[in-house]
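# A closer look at the structure
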Amino acid sequence: MEKEIKTKLDNVLKAECEYTLKNEKDRNKKIEKMDTLFNLKKIIDNYDELEPMLKDYFNNKAEKDRFDR
């Protein structure tokens, strides 16, 4: 992944984590949001390894969606 893009995404996730921790009052929603943000961070951090699998997944999904119409 291009370093500039990764940095921007990391900054957005960090800001969203800080906002969620500070402003989300519902404990379950806070946990759910933080879990989602954490998983997105893991995907971004491991994007280079995941990219071939993601491409295959989205190609297969697009093909399936085309036949399901």
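Residues numbered from 1 in each chain as written. Predicted model: local features only at pLDDT ≥ 70, side-chain atom pairs only at ≥ 80, totals over all residues. Heavy atoms only, no water.

## What about the overall build of the protein chain?
This is how the line gets drawn: The numbering of helices and of strands both runs from the N terminus, where a helix is a DSSP run of H or I of at least 4 residues and a strand a run of E of at least 2. The size measure is the radius of gyration over C-alpha atoms, and the globule rule it meets is 2.2 Å times the number of residues to the 0.38 power. In this scheme, a residue with accessible area under 20% of its type's maximum is buried, one over 50% is exposed, and one in between is partly exposed, where area comes from a 1.4 Å probe on protein chains only. In short, Shrake-Rupley with a 1.4 Å probe defines the accessible areas, and a residue's cover is counted only from the protein chains shown.
If you tally the helices and strands in the protein chain, you get 3 helices and 0 strands. The N-to-C order of helical and strand elements in the protein chain reads α-α-α. By the compact-globule yardstick of 11 Å for 69 residues, the protein chain is too spread out, its C-alpha radius of gyration being 16 Å. Once the C-alpha set of the protein chain is aligned to its principal axes, its extents read approximately 45 × 30 × 15 Å. Here the protein chain holds 69 residues, and the buried ones make up 10% of them. Summed over all atoms, the accessible surface of the protein chain reaches about 6,200 Å², with 54% contributed by carbon and sulfur.

## Focus on the pattern of salt bridges
Selection criterion: A side-chain nitrogen of Lys or Arg and a carboxyl oxygen of Asp or Glu constitute a salt bridge if their distance falls within 4 Å.
Evaluated as defined, the whole model comprises 8 salt bridges. Its salt-bridge partner being Lys6, residue Asp45 comes within 3.1 Å of it at the nearest N-O pair. One end of the pair, Asp45, is in helix H2 (residues 27-45); the other, Lys6, is in helix H1 (residues 3-23), with 39 residues separating them in the sequence. Here Asp45 falls in the partly exposed class, since its relative accessible area comes to 39%. When salt bridges that share partners are traced, they join Lys6, Asp10, Lys41 and Asp45 into one network.

## Regarding the environment of Met34
Worth spelling out the cut-off: The contact criterion used throughout is that any non-hydrogen atoms of two residues lie within 4.5 Å.
Relative to the assigned elements, Met34 resides in helix H2. A relative accessible area of 23% means that Met34 is categorised as partly exposed. Met34 sits 24 residues away from Phe58 along the chain, and the two C-alpha atoms are 25 Å apart. What Met34 contacts, discounting residues up to four positions off in sequence, is Cys17, Thr20 and Leu21.

## Concerning a nonpolar patch on the surface
Formally: For patches, a residue must show more than 30% relative accessible area and have no salt bridge; joins then use 9 Å for like charges and 5 Å for nonpolar side chains, namely Val, Leu, Ile, Met, Phe, Trp and Tyr.
Taken together, Met1, Ile5 and Leu9 make up a surface patch of nonpolar side chains, about 220 Å² in accessible area. Examined against the element boundaries, Ile5 turns out to sit in helix H1.

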